[in-house]
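Fold and geometry: a report
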Amino acid sequence: MTRIKQLSKNLINQIAAGEVIERPASVVKELTENSIDAGASKISIEITNDCRDIRVADNGSGIHPDDIMLAFSKHATSKIQNDEDLFNIHTLGFRGEALASIISISKLTCTTRIKDFETGTKVKCENSEVKRSETGCAVGTIMEVKDLFYNIPVRLKFLRNSNTEFSYIQEVIQSLAIINTNVAFELKRNGKTVLKTTGQGDLSQTLKEIYSFDVVENLKPVLKTDAISHLKITGMVSKPDYTRSSKKNYHLYINSRSVKCPILQKAVDTVYKTLVANNKYPFVVLNLELLPQDVDVNVHPAKKEVRYRNTNQIFNFVRTAVEAGLANYVEQHIQQSSGDINHNNNVVELQPVSRKDLQIDSNDDTMYVSDVLMQKIQDEFAYQKPDIVEQKTIIQSTAVNEYEQEENIIGQYKNTYILIDREEGLEVIDQHIAEERYIYEKLKSEKQTASQILFVSDVVTLSSVDMAIVKENMLKFEKFGFGIEILNENELIFRKIPTMIAKVNPKEILADILENIEGDIDRLEEKILITTSCKASVKAGQKLSLWQMQEIVEKWRNTKMPYTCPHGRPISHIIPHKEIASFFQRQG
């Protein structure tokens, strides 16, 4: 048996680098996050040599010359000092692993200077060996990485082509730029600028610079605070009729740290599940702020995974915030403080969510906080915080209705689409799915749906599997107005059905509900809702009078989510006047 011996410092760092530095994008992420932690307002990233040469320059605070040698050693950091600090993280980096890992797998030169010194310091690192010298330079830090993975040929073989690797780098910088809107980023590849932000401190402006004006035009703001639980969420989410084909544009952050969080993703998906079509996803930018001790970011060296102290509460908070943003609900408050505070002293109502729906372990199945209790806690909290002087603190949820005046309806097209003359253009509305959205929300808000008794009903024959589903969910059918009587193991009849679909064959409705479950029994109630609202809505091809069209449009305008039907199809489309005029070669 081979004798045990101590590994070399460089080999130890190379092993550790496998967890921290997966590819060139990992180097860019670690170095750029260090620049942000150093308070930089400008960061320039240059990529050459098939993404194996990386230069990150910033105007941050720089590294003190007495600390420069220590900065490249293992587990050396200025960001935490003791055990308690590990659970009170306020910076992006804190583990002290990145620089030691990088210098073990590349040739790195660091040039840095702090404002208290007239000259700077240059260090050259190779094979974990560090050499330093004095040099002239501006305040800030320049990190130059050369020949990444030059001494680990196996890792080189696993890298993708340079275009793919650069796309990962671009995603990293986009993600950092979106949350750090007060920092000006510039990303260059082989001397050509690929991405540039101006650092104006405005999320909308940053998104315009990274993506396009079109993206921002289709986003809704999200803002919700809960001072009692020290929670705040800000950001923007896209309208349900503006979607992408993947979750690539889910930009999720915890205390301004980019994370891959299934809790946040689940909360967003839950809101959009009846608003977008299958395999379509929204554009999302959300930053959840909470006390550092309520979240553990030290789960993995890459710091992308997190754990929460109260998972169920986080899910509820994010879900209701996104719902409110899409429904045009605006949180308004006026508050003055004599000192710095992290969260607005507002109170919000938390909705219950079951552990089964979330599929995450929790000590409590649901969480309810009454308005009265929340007010008492708020008063007590305010009393304990004398430095906060409140003029007025409220949450005012007011749906913004832009269509108070009567619609200027032109008529119908193909007895299916309602045409409306709008100031910005010609609006085309699908009459069936506009009414379907209204009925769906109406049914969902009602505790009990009005029913009509059936004196005669066809006998419905079901498979044993479908019959089992019906038997187990009789209360759900009853809630939405269906009265079912089981005759035997495979047959049933309807004793009553919802009044609004009295003319529809209940056998057809039940078949549609069961056919669309697709094995997802937990969503049966949703399927009943969707199918009922679909069957109760005016049909495509049905001629309508002017007042009928007016009523459909008015009811649809006042829904919470007037973007898509419960199946995810868009309800309306506006053809701009300029586009019509341009076709006919008019000035407008």
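Refer to the structure presented above.
What comes next concerns the included structure. As the structure is a prediction and not an experimental result, all values here were calculated from the model.

Reading the values: the criteria
- Residues numbered from 1 in each chain as written.
- Predicted model: local features only at pLDDT ≥ 70, side-chain atom pairs only at ≥ 80, totals over all residues.
- Heavy atoms only, no water.
- Helix = DSSP H or I, 4+ residues; strand = E, 2+ residues; numbered from the N terminus.
- Buried < 20%, exposed > 50% of the residue type's maximum accessible area, 1.4 Å probe, protein only.
- Contact = heavy atoms within 4.5 Å.
- Areas by Shrake-Rupley, 256 points an atom, 1.4 Å probe, with all protein chains shown as cover.
- Pairing = 2+ DSSP bridges.
- Axes fitted to C-alpha atoms, helices over the stretch in contact; angles between N-to-C directions.
- Parallel < 35°, antiparallel > 145°, perpendicular 65-115°, else oblique.
- Left-handed = near helix turned anticlockwise from the far one by under 90°.
- Nonpolar A, V, L, I, M, F, W, Y, C, P; charged D, E, K, R; others polar.
- Phe/Tyr/Trp six-rings, centres within 6.5 Å; stacked < 30°, edge-to-face > 60°.
- Lys NZ or Arg CZ within 6 Å of the ring centre and 35° of its normal.
- Core = buried A, V, L, I, M, F, W, Y, C linked by side-chain atoms within 4.5 Å.
- Salt bridge = Lys/Arg side-chain N within 4 Å of Asp/Glu carboxyl O.
- Arc of directions from axis to C-beta.
- Polar contact = N/O pair within 3.5 Å; in protein donor to acceptor, adjacent residues only side chain to side chain.

Within the chain one finds 19 helices and 25 strands. The buried share of the chain, reckoned over its 588 residues, is 45%. Sequence separation of 24 or more characterises 70% of the internal contacts of the chain that already satisfy a separation of 6 or more. If you sum the accessible surface of the chain, you get close to 30800 Å²; carbon and sulfur atoms cover 48% of it.

This part takes up the sheet that holds strand S13 (residues 284–289). Read across the sheet, five strands follow the order S9-S10-S13-S11-S12 without closing on themselves; strand pairing throughout is mixed. Edge positions in the sheet fall to strand S9 (219–226) and strand S12 (257–258), since each of these pairs with one other strand and no more. Where strand S11 (residues 250–254) lies against S13, five bridges are found, and the strand directions are parallel. Following the sheet pairing, Leu 252 is matched in S13 by Leu 286. Across the sheet, helix H7 (residues 203–210) lies against S9, strand S10 (231–238) and S13, angled at about 40° from S10, the strand it touches most.

Running from N to C, helix H13 (residues 431–445) and helix H17 (residues 524–536) point in directions that differ by 135°, and their axes come no closer than 8 Å. By the angle between their directions, the pair H13 and H17 is classed as oblique. Crossing geometry of H13 relative to H17 is assigned as right-handed. Touching His 432, Glu 435, Glu 436, Ile 439, Tyr 440, Leu 443 and Lys 444 of H13 are Glu 526, Leu 529, Ile 530, Thr 532, Ser 533, Cys 534 and Ala 536, all from H17.

Across the interface, helix H2 (residues 24–37) lies against helix H6 (residues 162–179) with an axial gap of 8 Å and an inter-helix angle of 25°. Accordingly, the angle class assigned to the pair H2 and H6 is roughly parallel. For the pair H2 and H6, the crossing hand works out as right-handed. Along its contact with H2, which presents Pro 24, Ala 25, Val 28, Lys 29, Thr 32, Glu 33 and Ile 36, the element H6 presents Glu 165, Tyr 168, Ile 169, Val 172, Ile 173 and Leu 176. Classifying every residue of the contact of H2 with H6 gives nine nonpolar, one polar and three charged.

Our focus in this paragraph is unusual backbone geometry. Phi at Asp 147 is positive, roughly 50°, even though this residue is not glycine. Accessibility expressed as a relative area gives 25% for Asp 147, which makes it partly exposed. Although it is not a glycine, Asn 415 adopts a positive phi angle of roughly 50°. In this structure, Asn 415 sits in the loop between strand S18 (409–413) and strand S19 (417–422). Owing to a relative accessible area of 27%, Asn 415 belongs among the partly exposed residues under this scheme.

On inspection of all chains with the given rule, the structure shows five aromatic pairs. For the pair Phe 583 and Phe 584, a centre-to-centre distance of 5.1 Å together with 90° between the ring planes defines the contact as edge-to-face. A relative accessible area of 55% means that Phe 584 is categorised as exposed. Among the aromatic residues, those joined into a ring-pair cluster are Phe 477, Phe 482 and Phe 494. For the cation-ring pair, Lys 107 lies above Tyr 150, with the distance from its terminal atom to the ring centre recorded as 4.9 Å.

The next subject is the nonpolar core. Counting 53 residues, the largest nonpolar core has Ile 45, Ile 47, Phe 72, Leu 108 and Phe 185 as its most contacted members. Looking at which element gives the most residues to this core, the answer is H6, with eight residues. Once residues lying within four places of it in the same chain are set aside, the contact partners of Phe 185 are Thr 32, Ile 36, Ile 43, Ile 45, Ile 173, Leu 176, Ala 177, Asn 180, Leu 195, Lys 196 and Thr 197. Counting 34 residues, the second-largest nonpolar core is a separate cluster that includes Val 237, Val 259, Leu 286 and Phe 317.

Further remarks concern the sheet that holds strand S6 (residues 140–146). Spatial strand order, S5-S4-S3-S6-S2-S1-S7-S8: eight strands in an open sheet with mixed pairing. At either margin of the open sheet sits one strand with a lone partner, and together these are strand S5 (129–135) and strand S8 (192–196). On average, adjacent strands in this sheet sit at an angle of 15° to one another, irrespective of strand direction. Packed onto the sheet, H2 meets strand S1 (42–48), strand S2 (53–58), S6 and strand S7 (184–189) and runs at close to 10° relative to S2.

This next bit is on the side chain of Glu 165. Looking at where Glu 165 falls in the secondary structure, it is placed in helix H6. Exposure remark for Glu 165: the relative accessible area of 1% places this residue in the buried category. Apart from residues no more than four positions distant in its own chain, Glu 165 is found in contact with Arg 23, Pro 24, Cys 51, Leu 159 and Arg 160.

When you line up the elements, Gln 542 lands in the loop between H17 and helix H18 (546–557). Each C-alpha atom of the pair Gln 542 and Tyr 417 lies 9.8 Å from the other, and the pair is 125 residues apart in sequence. When neighbours within four sequence positions are excluded, Gln 542 is seen to be in contact with Gln 412, Asn 415 and Gln 431.

The subject of this paragraph is the pattern of salt bridges. Evaluation of the coordinates by the stated rule reveals 17 salt bridges. Among the salt bridges present, the one from Arg 319 reaches Glu 323, with a minimum N-O distance of 3.5 Å. Here the residue Arg 319 and the residue Glu 323 both occupy positions in helix H10 (residues 311–326), the gap between them amounting to four residues, near one helical turn. Linked by salt bridges that have partners in common, Glu 407, Arg 422, Glu 424, Glu 427 and Arg 557 make up one network.

Next up on the list: H7. Burial in H7 covers these residues: Thr 206, Leu 207 and Ile 210. Considered in projection along H7, the buried side chains sweep an arc of 100° and stay on one side of the axis. Those residues of H7 that are buried are in contact with H6, S8, helix H8 (213–217), S9, S10 and S13. Two to three positions downstream of the cap, the backbone nitrogen of Ser 204 sits 3.3 Å from a side-chain oxygen, assigning the N-cap of H7 to Asp 202.

This brings us to the pairing of S6. Relative to S6, S2 runs antiparallel, the two sharing five bridges. The residue bridging Ala 57 from the neighbouring strand is Ile 142, located in S6. As judged from the seven bridges shared by strand S3 (residues 107–113) and S6, these two strands associate in the antiparallel manner. Looking at the pairing, Arg 113 lines up with Gly 140 of S6.

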